[in-house]
Amino acid sequence: MSSTRRALIATGTGRYADPWHPFEETSDRVARILEESGFDVETAPVDEGLQRLDGVDLLVVNAGDPWRDGGSVGAPAASIAGLEAAVVRGIGVLAMHAALASLRDYAAWASATGGVWLPGVSMHPPISDAAFAWADHPLAGDEPLVAFDERYSFLQAIGASEVVATHEHDGVIHPVVWTREHRGGETVSRIAVDLLGHDARSYDSPSHRALIVRLADWVTGR
């Protein structure tokens, strides 16, 4: 049996694309980081990819809000069932940047990731060179976490999570990276959320790339 870990990146195309995020570019950067860490990586459109999770160790979601225009056409039943089955069996999940505004047709998603972007409430200051503060967490780095990026703020938390990194905005401390263990069935899925990653400049940061490797290793049990 091969020891190679399989990763599938569900990337923002079609109704999961938007005018602000270069998902093709950023998914490619994430794929390269994972490949350098020993993953066998496949990239697929969101609804299609979620039907192909059998045998996949790591699901990465890097996609936008399918409801941003005020409506939803609904996800295929096979895709919804595919994600639910993967969470039940204990797949590792890495949700990147805008992913908490994505998969809104998937009931299992928000409860697994532990957060939701709320239109009209959640926001971010202008993109800039930013420094983030490490929390007391085993996956926190020894080096400063810095990136040219957006700083997501005022997301709705769902359940308890273990915060890895934060930033401060308007006097409020906001989590931007966290982990959690989610019981979807008899097994537990390890989930990591990384709200960094707006565009390729974020992935030029060595500290951000190193964090992604640690998160991917953790959710896949390494």
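Report follows, based on the coordinates. Model, not experiment: these values are computed from the prediction. (Residues numbered from 1 in each chain as written. Predicted model: local features only at pLDDT ≥ 70, side-chain atom pairs only at ≥ 80, totals over all residues. Heavy atoms only, no water.)

Re the overall build of the protein chain
Thinking step 1. Regarding its fold elements, the protein chain presents five helices and eleven strands.
Thinking step 2. Relative to a compact globule of 222 residues, whose C-alpha radius of gyration would be 17 Å, the protein chain shows 16 Å and is just as compact.
Thinking step 3. Viewed in the frame of its principal axes, the protein chain has a C-alpha envelope of about 45 × 45 × 30 Å.
Thinking step 4. When the accessible surface of the protein chain is summed, it comes to about 9700 Å², and 53% of that surface belongs to carbon and sulfur atoms.
Thinking step 5. Mean positive and mean negative side-chain charge positions of the protein chain (17 and 31 charges, respectively) differ by 3 Å. (Helix = DSSP H or I, 4+ residues; strand = E, 2+ residues; numbered from the N terminus. Rg over C-alpha atoms; globule rule 2.2 N^0.38 Å. Areas by Shrake-Rupley, 256 points an atom, 1.4 Å probe, with all protein chains shown as cover. Lys, Arg positive; Asp, Glu negative; His and termini not counted. Charge placed at Lys NZ, Arg CZ, Asp CG, Glu CD.)

Comments concerning the nonpolar core
Thinking step 1. Formed by 63 residues in total, the largest nonpolar core has its most connected members in Leu 34, Leu 58, Leu 59, Leu 103 and Trp 109.
Thinking step 2. Looking at this core, the element that brings in the most residues is helix H5 (residues 206-219), giving six residues.
Thinking step 3. Filtering out sequence-adjacent residues up to four positions away, Leu 58 remains in contact with Arg 6, Ala 7, Leu 8, Leu 34, Phe 39, Ile 91, Gly 92, Val 93, Leu 94, Ala 216, Val 219 and Thr 220. (Core = buried A, V, L, I, M, F, W, Y, C linked by side-chain atoms within 4.5 Å. Buried < 20%, exposed > 50% of the residue type's maximum accessible area, 1.4 Å probe, protein only. Contact = heavy atoms within 4.5 Å.)

Notes on helix H3 (residues 77-89)
Thinking step 1. If you check H3, its first and last C-alpha atoms are 18 Å apart, about what 13 residues at 1.5 Å a residue would give, namely 18 Å.
Thinking step 2. Looking only at H3, the buried set comprises Ser 79, Gly 82, Leu 83, Ala 86 and Val 87. One face of H3 carries all of its buried residues, which in axial projection span an arc of 125°.
Thinking step 3. Where H3 is buried, its residues contact helix H2 (46-49), strand S3 (58-62), helix H4 (107-113), strand S10 (172-183) and strand S11 (188-194). (Expected span 1.5 Å × (residues − 1). Arc of directions from axis to C-beta.)

Some thoughts on the sheet that holds strand S2 (residues 39-45)
Thinking step 1. Sheet architecture is open: nine strands sit in the order S2-S1-S3-S4-S11-S10-S9-S6-S7, paired in mixed fashion. Edge positions in the sheet fall to S2 and strand S7 (145-149), since each has one partner strand and no second. In this sheet, adjacent strand axes meet at a mean angle of 25° when their direction is disregarded.
Thinking step 2. Bridge count for S10 against S11 is seven bridges, and the pairing is antiparallel. If you follow Trp 178 over to S11, its bridge partner there is Val 193.
Thinking step 3. Along the sheet, helix H1 (residues 23-36) makes contact with strand S1 (5-11), S2 and S3, crossing S1 at roughly 170°. (Pairing = 2+ DSSP bridges. Axes fitted to C-alpha atoms, helices over the stretch in contact; angles between N-to-C directions.)

Some remarks on unusual backbone geometry
Thinking step 1. The phi dihedral of Phe 154 falls on the positive side, at around 60°, and the residue is not glycine.
Thinking step 2. Here Phe 154 is to be found in the loop between S7 and strand S8 (156-157).
Thinking step 3. We classify Phe 154 as partly exposed; its relative accessible area is 33%.
Thinking step 4. Phi is positive for Asp 170, close to 55°, though the residue is something other than glycine.

Scope: geometric values only; no functional claims are made or implied.
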